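The residues making up each chain are set out below.
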Amino acid sequence: MSPTGAEFCGLQLASPVINASGTFDALAALRTFGDPVLEAFPFAAFVSKTVTLAPRQGNPPPRLWESPAGLINSIGLPNRGRDGYLEHDLPALARLPVPLIVNVMGFSRDEVAELVEAFGARDEVAALELNVSCPNVESGLVMGADPAETAALVARVRPLTAKPLVVKLTPNASDPAAVAVAAQEAGADAVSLINTLRGMALHPHDDRPWLGGGTGGLSGPAVRAIALAQVAQVAARVRIPIVGMGGVSSGHHAVDLLRAGATLVAVGTESFRDPAAGRRIAQELEEIRNRLHNSPPKSGQSRPDGSEVPANRRESPLPASGSYTSG
Amino acid sequence: MSPTGAEFCGLQLASPVINASGTFDALAALRTFGDPVLEAFPFAAFVSKTVTLAPRQGNPPPRLWESPAGLINSIGLPNRGRDGYLEHDLPALARLPVPLIVNVMGFSRDEVAELVEAFGARDEVAALELNVSCPNVESGLVMGADPAETAALVARVRPLTAKPLVVKLTPNASDPAAVAVAAQEAGADAVSLINTLRGMALHPHDDRPWLGGGTGGLSGPAVRAIALAQVAQVAARVRIPIVGMGGVSSGHHAVDLLRAGATLVAVGTESFRDPAAGRRIAQELEEIRNRLHNSPPKSGQSRPDGSEVPANRRESPLPASGSYTSG
Amino acid sequence: MSVPSIAAAADPRRTVAPFGRRAAVVTRAEAIGPYRLLACADPAGPAPRPGQFYMLAAARRWGGGEEQRPFLPRAFSYLRRRGDELEFLLEDVGPGTARLAELATGDDLWLTGPLGVGFAAPAPGRTPLLVGGGIGIVPLVAWEDELGAAASTLLGFRDADHAVAARLAREPALATDDGSAGRPGLVTDLLEERLGADDGATVYACGPPAMLEAVRALAARRDAPAQLAMESGMACGFGACFGCVVPTRRGFVRLCLDGPVLDAAQLDSALVAGAGH
Amino acid sequence: MSVPSIAAAADPRRTVAPFGRRAAVVTRAEAIGPYRLLACADPAGPAPRPGQFYMLAAARRWGGGEEQRPFLPRAFSYLRRRGDELEFLLEDVGPGTARLAELATGDDLWLTGPLGVGFAAPAPGRTPLLVGGGIGIVPLVAWEDELGAAASTLLGFRDADHAVAARLAREPALATDDGSAGRPGLVTDLLEERLGADDGATVYACGPPAMLEAVRALAARRDAPAQLAMESGMACGFGACFGCVVPTRRGFVRLCLDGPVLDAAQLDSALVAGAGH
Ligand SMILES: Cc1cc2nc3c(=O)[nH]c(=O)nc-3n(C[C@H](O)[C@H](O)[C@H](O)COP(=O)(O)OP(=O)(O)OC[C@H]3O[C@@H](n4cnc5c(N)ncnc54)[C@H](O)[C@@H]3O)c2cc1C
Ligand SMILES: Cc1cc2nc3c(=O)[nH]c(=O)nc-3n(C[C@H](O)[C@H](O)[C@H](O)COP(=O)(O)OP(=O)(O)OC[C@H]3O[C@@H](n4cnc5c(N)ncnc54)[C@H](O)[C@@H]3O)c2cc1C
Ligand SMILES: Cc1cc2nc3c(=O)[nH]c(=O)nc-3n(C[C@H](O)[C@H](O)[C@H](O)COP(=O)(O)O)c2cc1C
Ligand SMILES: Cc1cc2nc3c(=O)[nH]c(=O)nc-3n(C[C@H](O)[C@H](O)[C@H](O)COP(=O)(O)O)c2cc1C
Ligand code: FES
Ligand code: FES
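Residues numbered from 1 in each chain as written. Chains lettered and ligands numbered in written order. Predicted model: local features only at pLDDT ≥ 70, side-chain atom pairs only at ≥ 80, totals over all residues. Heavy atoms only, no water.

K.L.:
Outline the overall build of chain C, supporting the account with residue identities and numerical values.
P.N.:
What chain C contains, in helices and strands, is 6 helices and 16 strands. By the compact-globule yardstick of 19 Å for 277 residues, chain C fits well, its C-alpha radius of gyration being 18 Å. Oriented by its inertia axes, the alpha-carbon framework of chain C measures out at about 50 × 45 × 35 Å. Split into buried and exposed, the 277 residues of chain C put 58% on the buried side. Sequence-distant contacts, at least 24 apart, represent 63% of the contacts inside chain C between residues at least 6 apart. In chain C, 27 side chains carry a positive charge and 32 a negative one; their mean positions are 5 Å apart. (Helix = DSSP H or I, 4+ residues; strand = E, 2+ residues; numbered from the N terminus. Rg over C-alpha atoms; globule rule 2.2 N^0.38 Å. Buried < 20%, exposed > 50% of the residue type's maximum accessible area, 1.4 Å probe, protein only. Contact = heavy atoms within 4.5 Å. Lys, Arg positive; Asp, Glu negative; His and termini not counted. Charge placed at Lys NZ, Arg CZ, Asp CG, Glu CD.)

K.L.:
Outline the packing of helix H4 (residues 109-120) of chain A against helix H5 (residues 147-157) of chain A, supporting the account with residue identities and numerical values.
P.N.:
Residue and element names in this part refer to chain A. Look at H4 against H5: their axes get within 9 Å of each other, and the N-to-C directions meet at 40 degrees. The orientation of H4 with respect to H5, classified from their angle, is oblique. Both H4 and H5 take part in a crossing whose hand is right-handed. Between H4 and H5, the residues in contact are Arg109, Asp110, Val112, Ala113 and Val116 and Glu149, Ala152, Leu153, Arg156 and Val157, respectively. (Axes fitted to C-alpha atoms, helices over the stretch in contact; angles between N-to-C directions. Parallel < 35°, antiparallel > 145°, perpendicular 65-115°, else oblique. Left-handed = near helix turned anticlockwise from the far one by under 90°.)

K.L.:
Which residues make up the interface of chain C and chain A, and what values go with them?
P.N.:
Between chain C and chain A, the residue contacts involve 39 residues of the former and 44 residues of the latter. Note on chain C versus chain A: buried area summed over both sides is about 3,700 Å², and carbon and sulfur give 67% of it. The interface formed by chain C and chain A includes 5 salt bridges. In this structure, Glu66 of chain A and Arg74 of chain C form a salt bridge, with 2.6 Å as the shortest nitrogen-oxygen distance. Summed over the shared surface of chain C and chain A, the number is 9 residue pairs in polar contact (both at pLDDT 80 or more). At the level of elements, strand S7 (108-115), strand S15 (251-254) and helix H6 (255-258) of chain C are the ones that each hand at least two residues to the side of chain C that touches chain A. It is S15 of chain C that provides the largest number of residues to the side of chain C that touches chain A, a total of 3 residues. Counted by class, the side of chain C that touches chain A contains 24 nonpolar, 8 polar and 7 charged residues. (Buried area = accessible area lost by both parts, 1.4 Å probe. Salt bridge = Lys/Arg side-chain N within 4 Å of Asp/Glu carboxyl O. Polar contact = N/O pair within 3.5 Å; in protein donor to acceptor, adjacent residues only side chain to side chain. Nonpolar A, V, L, I, M, F, W, Y, C, P; charged D, E, K, R; others polar.)

K.L.:
Explain the sheet that holds strand S10 (residues 173-176) of chain C to me, and be specific about the residues and the numbers.
P.N.:
Residues and elements named next belong to chain C. Taking strand neighbours across the sheet as the criterion, the 7 strands line up as S11-S10-S9-S8-S12-S13-S16 in an open arrangement whose pairing is mixed. Each edge of the open sheet is held by one strand with a lone partner, namely strand S11 (183-184) and strand S16 (261-263). Bridge analysis of strand S8 (residues 127-133) against strand S9 (residues 152-157) gives 5 bridges, and the strand direction is parallel. If you follow Leu129 over to S9, its bridge partner there is Ser152. The sheet contacts of helix H5 (residues 209-221) involve S8, strand S12 (201-206) and strand S13 (226-229), and relative to S12 the element is tilted by about 165 degrees. (Pairing = 2+ DSSP bridges.)

K.L.:
Quick rundown of the site of ligand 1? Include the residues and the values.
P.N.:
Close to ligand 1 lie 27 residues, the nearest being Glu66 of chain A together with Ala75, Glu91, Gly96 and Thr97 of chain C. What surrounds ligand 1 is not a single chain but chains A and C. Contact between ligand 1 and Gly94 of chain C: an oxygen atom at 3.1 Å from a main-chain N or O atom of the residue. A total of 950 Å² of accessible area belongs to ligand 1 in isolation, and the protein chains cover 86% of it. (Near = heavy atom within 4 Å. Areas by Shrake-Rupley, 256 points an atom, 1.4 Å probe, with all protein chains shown as cover.)

K.L.:
Give me the packing of aromatic side chains: which residues, what numbers.
P.N.:
Across all of its chains, the model carries 31 aromatic pairs over all chains by this definition. Note that Arg63 of chain B overlies the ring of Phe252 of chain D, its terminal NZ or CZ placed 5.0 Å from the centroid. For the cation-ring pair, Arg21 of chain C lies above Trp110 of chain C, with the distance from its terminal atom to the ring centre recorded as 3.9 Å. (Phe/Tyr/Trp six-rings, centres within 6.5 Å; stacked < 30°, edge-to-face > 60°. Lys NZ or Arg CZ within 6 Å of the ring centre and 35° of its normal.)

K.L.:
Would you mind going over the packing of helix H3 (residues 81-92) of chain B against helix H4 (residues 109-120) of chain B in detail, with residue names and values included?
P.N.:
All names here are of chain B. Where H3 contacts H4, the axes come no closer than 11 Å and their chain directions differ by 10 degrees. It follows that H3 is roughly parallel to H4 by the angle criterion. Here Arg82, Tyr85 and Leu86 of H3 lie close against H4, whose contacting residues are Glu114, Leu115, Ala118 and Phe119. When the residues that make up the contact of H3 with H4 are grouped by side-chain class, the tally is 5 nonpolar, no polar and 2 charged.

K.L.:
Give me the lowdown on the sheet that holds strand S3 (residues 53-58) of chain D, citing residues and values where you can.
P.N.:
Residues and elements named next belong to chain D. Spatial strand order, S4-S3-S7-S1-S2-S6-S5: 7 strands in an open sheet with antiparallel pairing. Sheet topology places strand S4 (74-77) and strand S5 (80-82) at the edges, where each strand pairs with a single neighbour. Ignoring strand direction, the axes of neighbouring strands in this sheet form an average angle of 35 degrees. As paired elements, strand S2 (residues 35-41) and strand S6 (residues 85-90) share 6 bridges and run antiparallel to each other. In the sheet register, Ala41 faces S6, and the bridge partner there is Glu85.

K.L.:
Tell me about the pairing of strand S13 (residues 242-245) of chain B, residues and numbers included.
P.N.:
All names here are of chain B. Across the two faces of S13 the burial is the same, with Ile242 and Gly244 and Val243 and Met245 all buried. Across 3 bridges, the pairing between strand S10 (residues 190-193) and S13 is parallel. The partner of Val191 across the bridge, within S13, is Ile242. Pairing analysis gives 3 bridges linking S13 to strand S14 (residues 264-267), with the strands arranged parallel. The partner of Gly244 across the bridge, within S14, is Val265. Chirality of the crossover, the property in question, places the unit of S13, helix H8 (residues 251-260) and S14 among those that are right-handed. (Right-handed = clockwise from strand over helix to strand, strands pointing away.)

K.L.:
I'd love a proper account of the pairing of strand S15 (residues 251-254) of chain D, names of residues and values included.
P.N.:
Residue and element names in this part refer to chain D. Pairing geometry for strand S14 (residues 245-248) and S15, over 4 bridges, is antiparallel. Of the residues in S15, the one forming a bridge with Val246 is Val253. The loop that links S14 with its antiparallel partner S15 comprises 2 residues.

K.L.:
I'd like a description of the environment of Phe71 of chain D, backed by residues and values.
P.N.:
Residues and elements named next belong to chain D. Mapped onto the elements, Phe71 comes out in the loop between S3 and S4. Taking the relative accessible area as the measure of exposure, Phe71 reaches 3% and is therefore buried. Note: C-alpha distance between Phe71 and Ala217 (146 residues apart in sequence) is 36 Å.

K.L.:
Would you mind going over helix H6 (residues 176-185) of chain B in detail, with residue names and values included?
P.N.:
Residues and elements named next belong to chain B. Counting buried residues in H6 gives 8 out of 10 residues, a clear majority hidden from the surface. Along H6, the residues that are buried comprise Pro176, Ala177, Ala178, Val179, Ala180, Ala182, Ala183 and Gln184. The elements touched by buried residues of H6 are helix H5 (147-157), strand S9 (165-168), S10 and helix H7 (224-235). Gly187, located one to two residues past H6, shows a positive phi value of around 110 degrees.

K.L.:
How would you explain the pattern of salt bridges if you had to name every residue and give the values?
P.N.:
Residue and element names in this part refer to chain C. For the coordinates displayed, the defined rule picks out 82 salt bridges over all chains. A salt bridge links Arg49 to Glu146; the shortest N-O distance between them is 2.6 Å. Residue Arg49 is found in the loop between strand S2 (35-41) and strand S3 (53-58), and its partner Glu146 is found in helix H2 (residues 137-147); the two are separated by 97 residues along the sequence. Looking at Arg49, the relative accessible area reads 22%, which means it is partly exposed. Residue classification places Glu146 among the partly exposed residues on the basis of a relative accessible area of 43%.

Listed below in structure tokens is the structure:
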């Protein structure tokens, strides 16, 4: 594997940087930018937008609200459904130069099972990401917020495919690390986090929510600190690899997530600002790792006029579970 | 009550705007700015920094990290403890021109009980805010993230005082509204939310966390959309009044929280940018409410060059529990 | 949800964009009435098709305005392209347009584009009739440049001050709400007269939602083919976010990918929730 | 955690600030070597005490820099105050100082202050010895203005370019790391010599943490009273957040409230985690 490459669940990737589901459409990019998208694909693997069993139109507009240093989206998972994806998207994605990870979501364990079975059987599909940030209509619980629900789901689908199963956690949970442990114990090959944080905006002129879907999900730089904390806490409690995401817009942010325990980093909202952000961030990440490789962090001797790193070094280890008190 | 005033748990307040615990120190402000602080106190009630049973020094520095459109703090609840507060702060706060709400936190129900008993008995104290964003060292669970823990705590302290009990919720929970319902059913007079979201930052030059306390709490504009969504969801499931907070930096943000169902609004991080922010925001809020009072929102007829509000009106009601799907 | 085929033959309404965002230096920034003309050097960019748009952001200080905005890039049709110089016309309506309006010669822009699908030529024998409302003039100027004398243009503005922008078009018929320039009244009044007199027109319209809806309804009544250059809330501009959808008779379509110019006959209404001001 | 009594008699080291932030117009903005001098009109502000500081932010576009920063105001000692004009000297080290360094005459600032507790006069019979490292010169200039000829000043800079700022002080003894101006070496070398020769001095020092620590240790060895104008991460600047604490022999103290000038004898070390660059 090249020095800049990354190994993940048996997949050899050219870099640790992949896209976050729902924030890059390879087929639409091909129409907009042409073949260079494939010749210089900006991600080391391509994660599909969530596919559900039945086709969905998605939420009525508006679906976007710009939040301070972030974005709230209430897209509503528009997609062609399992059969539409199999028939239309998979053939068109055959030219993809990187492994394809299909993200699926079901409103019951049976629905997820059908999706895993269908996509697990296809050679084009390298791995599956289970989006558990949605309500289980039968139990009413958000699957990904409850360790038992998540364990039951993973146990249900694990036998259906030998392909890597990545469980994508929701940050809207009391203890995401407990959900990660449950997923691991039930046979998940990896976990990915964070999905968006539940958020809302009101119409500037009256009382109704702006977003057609009512509430939506917050992403972008505003959530980066939350993602870093959750990745660190999950890393302290599971041994399976982690895909870290949430507000990554530079190689420096990617390094932070890797340091916190992630094996791969996903870029989402930043691609809206810079369509080739994935490639830029992978390059920046490589430059930082080369610099670190050649000159380990200075011990911090300080010059009289403070032009260097302060001499005082605190060696407090990364806390397993953040002794977090508010204020 | 003056038209701009607000009634809350029996307290008549001059405006709906109070401070968020731990973000304004009346005694320090008095030393820095002198008597004008009392003559034009920027809040309709003063909420103390969290008081714990034993004195606490707080976390080692650094305690602050500037995040995109926000702040991560890991202060660590420094305070003089129950006896220190009774002996030192209460007498000094006698000159306070507004009701005093003491925020308390304990690491077990017994500790909280001792605090509630001590402060509930003091005439200077108008109400108590229970900060349940901290771990119950006996159960290991974060009290405020678990409905049963919260119910047990409120049930334990309710009989100890007739004064209003406000339960301050943590946003780091799967279902904050369920915790609010549990607090209500156990006898809480009101709930306040949101506290800070767990976040972390790494040192720019090496792998350790920047904050002495490891992880910290994120606040400021970055969390405003999260606060609005959680206040709306709690408002849909409880009948007791709500204090809404999280990233409020203008009257417009205060109006949004009131529209989402809050009775009072608290201002925290913005006071660091503008020490008299509370007063400014209360004035801006009053101007907006006067404007609304005089001219109800236009029905949205649009002029040819679109200089007015778009004609299309969506009347989707505010969803009780946001049919939130990520993406 | 049916989708146009992917590997369609090169669409004459679309120039494929270089992949990614690129830096472009502002060469000219001047006022045109209350609007702001912004020209930049785009040597790396191909020639766009009229009706296509770009996603723009200031390379420095894109943020720190009202509510810490802007954060996402903003969508702008191109006004004109002369050699390597690309021109935009902005209406300052919020923190994004306000920040762009501050830019001066020598400042850097981030530019992605040309994006989307522009105008389709009128069917043989039909005369192009361009109808603009306020800032909606922008893509029509580009289209006029290409159509030449065959096109006639109707423009509506709020007042004489805004109508200063009319000079960007060749010989437009003009209407203003307050009558301070050209005919008093709405541009859709001019359109109604013109369509009455000439039933061989293909209408090309751009402007605020309410005006586009009036044009759509009028064209439908007069059975005149019409293409509407529309607006909706956009985050990416290249089909990645699914945020910009508008409802059509074939279901939701991504305006940035299958538009922004849409066939009016495919629409029940040109009013898009969250678009316009 | 012992706390100084609240209603202390008026403290000569502190001027109480007007409550709240106030707008101030930039009257002058010029370079002094690599530093930036920023003067603003502060008619509403009282006369500050040397060593006190202000919290500053640009009134417009405070944000949108690197990592969407700055967000919180930044702390600056005042350099001088002449009539209503308040002067600051900035070293561009990050997005906050960079944004302030962009300000020109006529731009608006948000200003809160004067804050904290400044220098205390030397005990009778002791001579004031001012020791500055780099940008640490700032509060010493204000103190020199008040002490007049009684004070002697030692300044250390990285190089001759930074040492240009030495002209703000009256007749400083100068040292530069690279020897390109004044004595080659550290300002603490000059201090060591001076303290050797004159044991009646009270030291007033300001500069990066490592330098202050060297001064603290030297003064302790020579049993010379010393006051250190320190730095720590600040969010509010007026005692509200508890973010700026530094460890002292009496426990953590809020530097913005009980400092920024602290008695060196109260410190085990002048190195504050998270301070400096
Ligand atoms: C294809 C296309 C072409 C365009 N061409 C041009 C052009 O040539 N010239 C031109 O001037 N404009 C053009 N526009 C419109 C331009 O993109 C918008 O005016 C601009 O994006 C507004 O951004 P802003 O920050 O200035 O204003 P905003 O504050 O974004 O206000 C614009 C509207 O967005 C909504 N809104 C308000 N706050 C928010 C928020 N926080 N998040 C999301 N939405 C919000 C409101 O409806 C508001 O009226 C075009 C738009 C499209 C889609
Ligand atoms: C009492 C006092 C007086 C001062 N007087 C002066 C003066 O007269 N002139 C002057 O130039 N400076 C002065 N300073 C220092 C000045 O306040 C800082 O240089 C300034 O706040 C740096 O802000 P910045 O955004 O430019 O740089 P930052 O990016 O904030 O960098 C400054 C340091 O903060 C830390 N840091 C980096 N990123 C972050 C982050 N995201 N969140 C929090 N911390 C971070 C790092 O240690 C970095 O080296 C004074 C400071 C104090 C406390
Ligand atoms: C520096 C700081 C200290 C805080 N201390 C406390 C505290 O002691 N007790 C508490 O309940 N909340 C504390 N909070 C949380 C605030 O009360 C408030 O819930 C949160 O910051 C969200 O509001 P804001 O975005 O307006 O700051 C603190 C917040 C900050 C930024
Ligand atoms: C517009 C939009 C659409 C998204 N759609 C999906 C989706 O379909 N499935 C999913 O698992 N996550 C979805 N996400 C969440 C992202 O994959 C990612 O977890 C989140 O945005 C945080 O990363 P970021 O801050 O880099 O965007 C979406 C995010 C955005 C902004
Ligand atoms: S703007 Fe993102 S899909 Fe159209
Ligand atoms: S900076 Fe907030 S208490 Fe000192």
